[in-house]
Amino acid sequence: MGIYDLFILPKTTGPIDLPVTSARIAELFSEFLRRYYEWKSAQLKEMIIILLLLIVGGSILSIPWLLPNFGMTLSLCLLLSFYIAVKCYIAINRKVSHLYVNVHVLQHHLVGKVEVGFCDHREPCHCAEEFMDYVLRTYNISLNKILS
């Protein structure tokens with residue numbers, strides 16, 4: 001992971017202090033955050049590889065005209081690196097798609113748990129709305145809309 005994690009919010013490694021009454025919801029939210037940040041990190045890697053593919057692809061096409069003497073040899077070497085980058089892109093793209101499905105399912109599961117069994121109050125309360133507002137303010141993640 002290394003350098004990619006510099007641009008992602010801090011990971012959740014230990015218990016999180018949340019305004020929840022149930023430990024199960026806290027564990028579910030912790031898992032949601034872990035997968036969410038993993039998904040965002042994989043998206044960043046995918047964007048970097050797409051940028052790399054554009055640069056290498058443009059170089060493959062332009063180098064033979066810019067360097068006519070040994071441009072074809074260099075272009076063939078870049079074609080090999082382009083092939084390797086495409087294989088990396090396909091692997092990362094599969095991971096991003098898989099993580100998106102995981103995050104999406106966890107989001108729906110978390111929202112369902114929050115709306116149905118969030119607190120033990122008998123009278124109408126706003127615990128679920130307060131939790132969703134807390135998540136939006138603290139982590140900038142809206143649990144009300146579908147992630148994209």
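Residues numbered from 1 in each chain as written. Predicted model: local features only at pLDDT ≥ 70, side-chain atom pairs only at ≥ 80, totals over all residues. Heavy atoms only, no water.

Engineer: I'm lost on the packing of helix 1 (residues 23–66) against helix 3 (residues 127–139) in this one. Help?
Structural biologist: A pair of packed helices can be characterised by two numbers: the angle between their axes and the separation between those axes. Two numbers describe how helix 1 lies on helix 3: the axes approach to 14 Å, and their chain directions differ by 35°. Regarding helix 1 and helix 3, the two cross each other, and that crossing is right-handed. Residues Phe 29, Leu 33 and Tyr 37 of helix 1 lie in contact with helix 3, whose contacting residues are Phe 131, Val 135 and Tyr 139. When grouped by side-chain class, the residues that make up the contact of helix 1 with helix 3 number six nonpolar, no polar and no charged. (Axes fitted to C-alpha atoms, helices over the stretch in contact; angles between N-to-C directions. Helix = DSSP H or I, 4+ residues; strand = E, 2+ residues; numbered from the N terminus. Left-handed = near helix turned anticlockwise from the far one by under 90°. Contact = heavy atoms within 4.5 Å. Nonpolar A, V, L, I, M, F, W, Y, C, P; charged D, E, K, R; others polar.)

Engineer: I would appreciate a short explanation of the confidence of the model for the protein chain in the present structure.
Structural biologist: The predicted coordinates of low-pLDDT regions are not to be read in fine detail. Per-residue confidence for the protein chain gives a mean pLDDT of 83; residues scoring 70 or more make up 83%. Ranking the helices and strands of the protein chain by mean pLDDT puts helix 1 first, with 92, and helix 3 last, with 85. (pLDDT = per-residue confidence, 0-100.)

Engineer: Could you clarify how one ought to interpret the side chain of Gln 107 in this entry?
Structural biologist: Within the secondary structure, Gln 107 is located in helix 2 (residues 71–117). Other than its neighbours up to four places away in sequence, Gln 107 contacts Phe 32, Ser 142, Leu 143, Lys 145, Ile 146 and Leu 147.

Engineer: Whenever I open this one, the nonpolar core confuses me. Can you help?
Structural biologist: The nonpolar side chains of soluble globular proteins are, as a tendency, buried together. Core analysis: the largest hydrophobic core is formed by 29 residues, its most contacted members being Phe 32, Ile 141 and Leu 143. Mapped by element, the contributors of at least two residues to this core are helix 1, helix 2 and helix 3. Ranked by residue count, the leading element in this core is helix 1, at 11 residues. (Core = buried A, V, L, I, M, F, W, Y, C linked by side-chain atoms within 4.5 Å. Buried < 20%, exposed > 50% of the residue type's maximum accessible area, 1.4 Å probe, protein only.)

Engineer: What exactly am I supposed to notice about a negative patch on the surface here?
Structural biologist: Taken together, the side chains of Glu 115, Glu 129, Glu 130 and Asp 133 present a region of like negative charge at the surface. With three residues, the single largest contributor to the negative patch is helix 3. Within the secondary structure, Glu 130 sits in helix 3. Residue classification places Glu 130 among the exposed residues on the basis of a relative accessible area of 52%. (Patch = residues over 30% accessible without salt bridge, like charges linked within 9 Å, V, L, I, M, F, W, Y side chains within 5 Å. Areas by Shrake-Rupley, 256 points an atom, 1.4 Å probe, with all protein chains shown as cover. Salt bridge = Lys/Arg side-chain N within 4 Å of Asp/Glu carboxyl O. Lys, Arg positive; Asp, Glu negative; His and termini not counted. Charge placed at Lys NZ, Arg CZ, Asp CG, Glu CD.)

Engineer: How should the environment of Tyr 139 be read in this particular structure?
Structural biologist: For Tyr 139, the position within the fold is in helix 3. Measuring from C-alpha to C-alpha, the distance between Tyr 139 and Leu 33 comes to 8.9 Å, with 106 residues separating the pair along the chain.

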